[in-house]
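# Residue-level structure breakdown
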Amino acid sequence: MELRFLKLSDSQNIVNVESVHYSNDGTVTLKLSDKRELKLAAEVWSGLEQPRDNPLTDSQQEILEREACYTMIQNKMLSFLAVREHSAQELRRKIKQRFFKIATCDVSALVERCLQEMQERDFQSDERFARRFTESKLSNKPYGPFKILQDLQRRGIFREQAQAVLNEFGNQGFWLKKAVDCLVLLQKNKKIQTPEALSQKLYQRGFSRETIEHALKEYQIIEAQSDAGEFDPVPEVLTTENP
């Protein structure tokens, strides 16, 4: 009985490739005799010398499983990048959340391999992400440089790289104007706020104490001109072309 069991077990472990389907995107889908269906790069399948007529070895099965997992990671990463720019850290987090529990291979190693490929093909760039992120923050709300710097660092951008991007957008005068614009928006509802309250709100939005002090003085001048009918305090939309 024991001998027959071993033979049956050996027979059940034999896995063959039953069908092969090539796609125009450079992938191949394999249907195995154990009901698995694996999609991977066609070059990987070719590299194994396409062992369709012979049972797959354990090593070959491991390679096919790993490369099928890599293809899923690659497709998901490309789908994220197609929507918007992502930092490398964001992609790591999102991919691991989706694949960590279901994958039978080392997801972390495959994610790093995929990130390297995306960067080599210029599909992903932390520098480009930092620039787009900063542009978005400046166009949507008048945030200060320290708030943007903090948000970039939370997304895995090194402080030096984030600071270099912020420096591209303007000097102290640029951030002073953004702070004044922020004050104008804060006072739109005509609710009178004390200088201390306004100062705290600007600080929370990432402006330096020095910039806040100058912005409050500038805003007082704007208010005085507005009351005298000499100035219409409509905030100017600032861009990298119009700092």
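Not measured: the values here are computed from a predicted model.

## A word on the nonpolar core
- If you look at the biggest cluster of nonpolar residues, it comprises 16 residues, and the most contacted ones within it are Ile73, Met77, Leu91, Ile95, Val111, Cys114 and Leu115.
- Among the elements of the structure, helix H3 (58-83), helix H4 (88-99) and helix H5 (107-120) are those that each provide at least two residues to this core.
- Dropping the residues within four chain positions of it, Leu91 is found in contact with Met77, Phe80, Leu81, His86, Leu115 and Gln124.
- Formed by 15 residues, the second largest nonpolar core is a distinct cluster that contains Phe129, Ile157, Leu166 and Trp175.

## Focus: the sheet that holds strand S1 (residues 17-22)
- The sheet built from three strands is open, its strands ordered S1-S2-S3 with antiparallel pairing. With one partner strand each, in any of the chains shown, S1 and strand S3 (37-41) form the two edges of the open sheet. Between one strand axis and the next, the sheet turns by 20° as a mean value, whatever way the strands run.
- In terms of strand pairing, strand S2 (residues 27-32) meets S3 through five bridges, oriented antiparallel. When the bridges of S3 are listed, Lys31 appears paired with Glu37.

## Here's the deal with the pattern of salt bridges
- The final tally for this structure, using the stated rule, is 17 salt bridges.
- A salt bridge links Arg131 to Glu127; its shortest N-O distance comes to 3.2 Å. Of this pair, Arg131 and Glu127 both sit in helix H6 (residues 126-140), separated by four residues, roughly a single helical turn.
- Judged by relative accessible area, Glu127 falls into the partly exposed class, the value being 40%.
- Taken together, the shared-partner salt bridges connect Lys137, Lys147, Asp151 and Arg154 into one network.

## A closer look at the packing of H3 against H4
- H4 packs onto H3 with a crossing angle of 135° between their chain directions and a minimal axis gap of 11 Å. One way to sum up the angle between H3 and H4 is to call them oblique. For H3 against H4, the interelement crossing comes out right-handed. For the pair H3 and H4, contact is made by Met72, Ile73, Lys76, Met77, Phe80 and Leu81 and by Leu91, Lys94, Ile95, Arg98 and Phe99, respectively.

Rules of the game
- Here the residue numbering is sequential within each chain, running from 1 through the sequence in written order.
- Since the coordinates come from a predicted model, pLDDT governs what is reported: local features require at least 70, and pairs of side-chain atoms require 80 or more to be given and counted, while whole-chain, interface and lining totals use all residues.
- Calculated side-chain values reflect all of the structure's heavy atoms, with hydrogen atoms and water omitted.
- The term nonpolar core refers to a set of buried residues drawn from Ala, Val, Leu, Ile, Met, Phe, Trp, Tyr and Cys, joined through side-chain atoms within 4.5 Å.
- Relative accessibility decides the category of a residue: with a 1.4 Å probe and only protein chains considered, values under 20% of the type maximum give buried, values over 50% give exposed, and everything between is partly exposed.
- We count a stretch as a helix when DSSP gives it H or I for four or more residues in a row; a strand needs E for two or more, and each element gets its number in order from the N terminus.
- Two residues qualify as a contact provided that any one of their heavy atoms is within 4.5 Å of a heavy atom in the partner residue.
- Paired strands are those between which DSSP finds at least two bridges.
- Lines fitted to C-alpha atoms define the axes here, with helix axes fitted over just the stretch in contact, and angles between the N-to-C directions of these axes take values from 0 to 180 degrees.
- For this analysis, a salt bridge means a side-chain nitrogen from Lys or Arg found within 4 Å of a carboxyl oxygen belonging to Asp or Glu.
- Roughly parallel refers to an angle under 35 degrees, roughly antiparallel to one over 145, roughly perpendicular to one between 65 and 115, and oblique to any angle outside these ranges.
- The hand of a helix crossing depends on one turn: near helix anticlockwise from the far one by less than a right angle means left-handed, and clockwise means right-handed.

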